[in-house]
Amino acid sequence: MIDRYWIAFFVALSCLVGVFDASAGDVDPLYRACVERCVKTGCVGENCFQHCKFPLHGASLDGLWYMLEPLYLRWKQWDCQSDCHYYCMVDREKERAKLGHTPVKYHGKWPFMRVYGIQEPVSVALSALNLAMHFHGWLSFFILLYYKLPLKPDRKPYYDYTSLWHAYGILAMNAWFWSAIFHSRDVDLTERLDYSSAVALLGYSLILAILRSFSVRAEAARVMVAAPLLAFVTTHILYLNNYTLDYGWNMKVCVVMAVAQLLIWAIWAGVTRHPSRWKLWVVVVGGGLAMLLELYDFPPYQGFVDAHALWHASTIPLTVIWWSFIKDDAEFRTSALFKKAK
């Protein structure tokens, strides 16, 4: 879970990118001239785009442009302008490389190389791996509870945080799923879904941190803790999606929630006698070190691997350790409660 706490900082940094629409690349006169020429002619060098609605081999194009492409490529729905931006960026970066210049950002983003229409293939693959690790962790947690640990006479687990961790697993998998989609194709819808999923996970994680670290087990007390936070997170998500996607405000909300729960877990790890508290410390410290990758932003190597992609990679082992801690916690609490029940 803490590996996703640090997503707040990623959201904050990526939000800052969105604020500044003019990057060094897109104010380059040669790049701008290329885009203007492409929009008028539908071509960048030898690359011509059917969906620019220009005649192709003397025949006019009718209908939706992406219906003219192979089925496996139709999902991406690139338009004329986005293809012009991409191919002009590629050409311009080739020219800059020949002159010994380093890559620059275009429209707030580093120049990535597409693979089958996917904008950031490495980040997509690593997001999918994170999703797989969360699924494996959640599934092994489920098997542990219902098939390996003792159950109550009504066949329910003794572990009193079972439902909370199930909900966390679902939210975590959902967040990584939309992360993969967003890195595949960055449009308004995928951006909103990615941000909303991350905020939902972050808010729920804060609730879970409070409930577990303070050992809140009574349902009424849990509702009292969760209700105001759920109301705030829901309102914030509705605000982002229905009023304005305010990057600055979202940054502040995410950072506050992340810092709050990080402090809660760190303090609890320092005072508890939990036998697996060292795993909690590994995830906390590891997440902090991984954060350096977000702070040290550098252009993608060979157009594929940037600092954020490496951050995605670093969260994979942290996810494994975190779910290991959750399962250890389930065994620890079950053992104590089972002894009391005897």
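Residues numbered from 1 in each chain as written. Predicted model: local features only at pLDDT ≥ 70, side-chain atom pairs only at ≥ 80, totals over all residues. Heavy atoms only, no water.

**Student:** Can you tell me about the nonpolar core, naming the residues and giving the values?
**Tutor:** If you look at the biggest cluster of nonpolar residues, it comprises 40 residues, and the most contacted ones within it are Phe141, Trp165, Tyr168 and Trp322. Listing elements by their share of this core, those giving two or more residues are α6 (121-148), α7 (162-184), α8 (188-213), α9 (219-242), α10 (247-271), α11 (277-295) and α12 (307-341). At 10 residues, α8 tops the list of elements feeding residues into this core. (Core = buried A, V, L, I, M, F, W, Y, C linked by side-chain atoms within 4.5 Å. Buried < 20%, exposed > 50% of the residue type's maximum accessible area, 1.4 Å probe, protein only. Helix = DSSP H or I, 4+ residues; strand = E, 2+ residues; numbered from the N terminus.)

**Student:** Any chance you could break down the environment of Ile316 for me, citing the residues and the numbers?
**Tutor:** Here Ile316 is to be found in helix α12. By relative accessible area, which is 15% here, Ile316 ends up buried. Residues Ile316 and Ala132, spaced 184 residues apart in sequence, show a C-alpha to C-alpha distance of 9.3 Å. Excluding residues within four positions of it along the chain, Ile316 makes contact with Leu126, Leu129, Asn130 and Met133. (Contact = heavy atoms within 4.5 Å.)

**Student:** Tell me about the packing of aromatic side chains, and please be specific about residues and values.
**Tutor:** In this structure the tally under the stated criterion is 19 aromatic pairs. Ring centres of Trp265 and Trp268 lie 5.6 Å apart, and the angle between their planes is 75 degrees; on these two criteria the pair is classed as edge-to-face. In this pair, Trp265 and Trp268 are both assigned in helix α10, 3 residues apart and thus about one turn of the helix distant. Comparing Trp265 with Trp268, the two get one shared label, buried. On the numbers, 5.6 Å between centres and 80 degrees between planes, the contact of Trp265 with Trp322 is edge-to-face. In this pair, Trp265 is assigned in helix α10 and Trp322 in helix α12, connecting sequence segments 57 residues apart. Pair check on accessibility: Trp265 and Trp322 agree, each one buried. Taken together, the ring pairs in this structure connect Phe141, Tyr159, Tyr161, Trp165, Tyr168, Trp265, Trp268, Trp322, Trp323 and Phe325 into an aromatic cluster. (Phe/Tyr/Trp six-rings, centres within 6.5 Å; stacked < 30°, edge-to-face > 60°.)

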